[in-house]
Amino acid sequence: MSDHTTSTDATARTDVNADTIIDTFPRVSLTPDSEYIETIELPAEPADTTPTAEVLRSELADPYPYDLFSHQADALTALETGDNVAVTTSTSSGKTHIYGLQIARNLLDAGVLNPDGTRATEQNDASTALCVYPMKALTKDQQEALDDLYDELGLDIRVEIYDGDVTDGRRAIREQADVILTNFAGLNVYLEHHDKWSRFYSALDLIAIDESHTYTGIEGMHVAWILRRMQRVADYWGGNPQYILTSATIGNPRDHSEELINAPVTVIDDDGSPHGPRDVILWNPPPRDKTRDATPDEESFDIDIDDGPDSEAEEDEEFVAERVPASVEAPKVFNHLTSRDIRTLLFCESRKLTELSIQRADEHRRTNPREYDRSTTVGREAYNAGLGRRTRHSREHQFKTGVLTGLATTSALELGIDIGSLDATVLMGYPGQRQSFWQRIGNHAHSIR
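Quick caveat, the model's predicted, so the values are computed rather than measured.

## Digging into the confidence of the model for the protein
Part 1 of the argument: In this model, the protein carries an average pLDDT of 83, and 83% of its residues clear a pLDDT of 70 or more.
Part 2 of the argument: Ranking the elements of the protein by mean pLDDT puts strand 1 (residues 5–6) last with 32 and strand 7 (residues 128–132) first with 98.
Part 3 of the argument: Overall, residues 443–449 carries pLDDT values under 50, and its contacts beyond four positions in sequence, including any with other chains, amount to 49 contacts.

## Focus on the sheet that holds strand 10 (residues 204–209)
As a general point, the strands of a sheet are linked pairwise by backbone hydrogen bonds and lie either parallel or antiparallel.
Part 1 of the argument: Taken together, the seven strands give an open sheet; going across it, the order is 8-9-7-10-11-6-12, and neighbouring strands pair in parallel fashion. Each having just a single partner strand, strand 8 (159–161) and strand 12 (266–268) make up the two edges of the open sheet. The mean angle between the axes of side-by-side strands here comes to 20 degrees, regardless of whether they run parallel or antiparallel.
Part 2 of the argument: Inspection of the sheet shows strand 6 (residues 85–88) paired to strand 12 by three bridges, in the parallel sense.

## Concerning the packing of aromatic side chains
The geometry of two aromatic rings is summed up by the distance between their centres and the angle between their planes.
Part 1 of the argument: Applying the stated rule across the entire model yields 10 aromatic pairs.
Part 2 of the argument: Seen in terms of ring centroids, Y162 and W197 are 4.8 Å apart; in terms of plane orientation they differ by 70 degrees. Their pairing is edge-to-face. Of this pair, Y162 sits in the loop between strand 8 and helix 6 (170–176) while W197 sits in the loop between helix 7 (184–190) and helix 8 (198–202), placing them 35 residues apart in sequence.
Part 3 of the argument: A residue is classified by how much of its surface remains accessible, and W197, at 4% relative accessible area, is buried.
Part 4 of the argument: Ring centres 5.8 Å apart and planes at 75 degrees place the aromatic pair W197 and F200 in the edge-to-face group. In terms of burial, W197 and F200 fall into one category: buried.
Part 5 of the argument: Every member of this aromatic cluster is reached through a ring pair, and the members are Y162, Y190, W197, F200 and Y201.

## Quick look at helix 12 (residues 351–366)
Given 3.6 residues to a turn, an α-helix orients residues that are three or four positions apart in the same direction.
Part 1 of the argument: If you check helix 12, its first and last C-alpha atoms are 24 Å apart, about what 16 residues at 1.5 Å a residue would give, namely 22 Å.
Part 2 of the argument: Listing the buried residues of helix 12 in full gives L353, T354, L356, S357, I358, R360, A361, H364 and R365.

## Thoughts on the pairing of strand 16 (residues 344–347)
Part 1 of the argument: Every second residue of strand 16 is oriented toward a common face, with T344 and L346 on one face and L345 and F347 on the other, all of them buried.
Part 2 of the argument: Here strand 16 pairs with strand 18 (residues 406–409) via four bridges, running parallel. Pairing of F347 across the sheet is with T409, part of strand 18.
Part 3 of the argument: Relative to strand 19 (residues 424–427), strand 16 runs parallel, the two sharing four bridges. Considered in strand 19, the bridge of L346 is made with V426.

## As for unusual backbone geometry
Part 1 of the argument: Backbone geometry places E211, a non-glycine residue, at a positive phi of 55 degrees.
Part 2 of the argument: Within the secondary structure layout, E211 lies in the loop between strand 10 and helix 9 (217–237).
Part 3 of the argument: Of note, D341 is a non-glycine position whose phi angle comes to about 65 degrees, a positive value.
Part 4 of the argument: Locating D341 in the fold gives a position in the loop between helix 11 (326–338) and strand 16.
Part 5 of the argument: On the basis of relative accessible area, D341 is assigned to the partly exposed category, the value being 40%.

## Focus on the side chain of K95
Part 1 of the argument: Within the secondary structure layout, K95 lies in helix 4 (residues 95–109).
Part 2 of the argument: E211 provides the closest opposite charge to the buried, salt-bridge-free K95, at an N-O distance of 5.9 Å.
Part 3 of the argument: Apart from the residues lying within four places of it in its own chain, the contact partners of K95 are V87, T89, S90, T246 and S247.

## Observations concerning the pattern of salt bridges
Part 1 of the argument: One pass over the structure, following the stated rule, counts 12 salt bridges.
Part 2 of the argument: The closest approach of N and O atoms between R57 and E59, which form a salt bridge, is 3.2 Å.
Part 3 of the argument: For E122, the salt bridge goes to R158, with nearest N and O atoms at 2.4 Å. Of this pair, E122 sits in the loop between helix 4 and strand 7 while R158 sits in the loop between helix 5 (136–153) and strand 8, placing them 36 residues apart in sequence.
Part 4 of the argument: For E122, a relative accessible area of 55% translates into the label exposed.

## Some details on the packing of helix 3 (residues 70–80) against helix 4
Part 1 of the argument: The N-to-C vectors of helix 3 and helix 4 enclose an angle of 35 degrees; their axes lie 10 Å apart at closest approach. Handedness of the helix 3/helix 4 crossing: right-handed. Between helix 3 and helix 4, the contacting residues are H71, Q72, A75, L76, L79 and E80 on the first element and H97, I98, L101, Q102 and R105 on the second.

## Some details on the packing of helix 9 against helix 10 (residues 253–261)
Part 1 of the argument: For the pair helix 9 and helix 10, interaxial distance at closest approach is 7 Å and the crossing angle is 50 degrees. With respect to helix 10, the axis of helix 9 lies oblique. From helix 9, G220, V223, A224, L227 and R228 reach across to helix 10, where they touch E259, L260 and I261.

## Structural notes on the side chain of D141
Part 1 of the argument: Mapped onto the secondary structure, D141 falls in helix 5.
Part 2 of the argument: For D141, a relative accessible area of 14% gives the class buried.
Part 3 of the argument: Among the polar contacts made by the side chain of D141, one reaches the side chain of K400 at a distance of 3.0 Å.

Rules behind the numbers
- Every chain is numbered on its own, with residues counted from 1 as its sequence reads.
- Reporting of local features is limited, given that this is a predicted model, to residues whose pLDDT is at least 70; pairs of side-chain atoms are given and counted only at 80 or more, and all residues count toward the totals for whole chains, interfaces and linings.
- Based on all heavy atoms of the structure, the side-chain values leave hydrogens and waters out of the count.
- Every residue carries a pLDDT, the predictor's confidence in it, which falls somewhere between 0 and 100.
- A run of H or I in DSSP counts as a helix once it spans at least four residues, and a run of E counts as a strand once it spans at least two, with each numbered from the N terminus.
- By the convention used here, residues are in contact when the closest approach between their heavy atoms is within 4.5 Å.
- When DSSP finds two or more bridges between two strands, those strands count as paired.
- Orientation is described by axes fitted as lines to C-alpha atoms, over the contacting stretch for helices, and by angles from 0 to 180 degrees between their N-to-C directions.
- Geometry of aromatic contacts follows a simple scheme: Phe, Tyr and Trp rings, the Trp one being its six-membered ring, pair when their centres are within 6.5 Å, and the pair is stacked under 30 degrees between planes, edge-to-face over 60, tilted otherwise.
- The buried label applies to any residue whose accessible area, calculated with a 1.4 Å probe on protein chains only, is under 20% of its type's maximum; exposed applies above 50%, and partly exposed to all values in between.
- By this rule the span expected of a helix is its residue count minus one, scaled by 1.5 Å.
- Charge convention: Lys and Arg are scored as positive, Asp and Glu as negative, and His as well as the terminal groups of each chain are ignored.
- Salt bridge, as applied in this entry: a Lys or Arg side-chain nitrogen positioned within 4 Å of an Asp or Glu carboxyl oxygen.
- Less than a right angle of anticlockwise turn of the near helix away from the far helix marks a crossing as left-handed, whereas a clockwise turn marks it as right-handed.
- We call two directions roughly parallel when the angle between them is under 35 degrees, roughly antiparallel when it is over 145, roughly perpendicular when it lies between 65 and 115, and oblique otherwise.
- Each polar contact in these results corresponds to two N or O atoms within 3.5 Å; when the atoms are within protein, one needs to be able to donate a hydrogen and the other to accept it, and residues that are neighboring in sequence are counted only if both atoms are side-chain atoms.

Quick look at the structure:
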């Protein structure tokens, strides 16, 4: 992603780059050379592509508007030979199109679709696919992505979501859908009633497991047992599914994938997608002085981080240097970005901090009137799993369509949005795992931690 421009008012245009963001931040003596700041520049990388016609049949290759990235081509070739595949490439590298195109290829091969993309039969008893996602938000996002792909290719493929949010038309989905999108919590419940799914399971050709790197530890063991139950159900009804697992960068993709599905996999990890230049800014909060005895309430919005030691403190009290909490500093950076119309996600450690971060960002904007035009409003909201379904869906939609410039979120949205389409992210500390770090910063031009 190349550097672009955003505006702070109707006339001025400001380059969005790391130095500008740092130089304009309202803190005295803060520069790109400050001891509190380190910028890592990640250069752009060109795409490595393969002609689509070398991999796909003409019915798919002709309308497909792009050459395939090399990892897409390698994965589709492995799938065609019958291999299970684990694709471990970066965010926004086109992994959805891999299983989307494989599903289309299966439906054409099975005669469900005519060569022109129209349906050869209304009742699909020949080829179905199951796609499993870790988050409902991601499920909805991926349904849109698959629908867009099939519309572009002129294919009449029925993609439906089946989870706890779906209350109407469940029977029709089970009996008519070509592709069903769900999550493992739901699948664990639905397997008990597999007789109602006999049509779908008897024709099951492909199971796609998205963001497979998230299934580790106890949850990973739980998912592995669900998949074994899934395989037994498919065997019972006559289905013979092939597996494709997609993941962000992970250290042991083969071992992890094979443990999940209990079958051999072919690993595709040579990323052929392009990457724009990115700036990763390591932003260390500034120090503050406080007594050893005082314990700041870092969750309190009323904390005055700019105060020095209490003027009435005893002369013999021992003072130590401590840094402003990340939970206080990160919302300021979040405000600085969103006030400049830079689309930003702020990742927080708890639901409470998402709400507090919005308040702190608003307060930072109000207390710096010279830097931020208070006559205009900035659209930003909190996002967490504790919000109602309608509220979550509304804020997701508003953020994706540009109505909201920023969301302060927990990890609930880490896998629920196309990270690579954003301008910036702010991480309130290191998330604990390398794959989560890269998942969160995606392919942004500017990522700040």
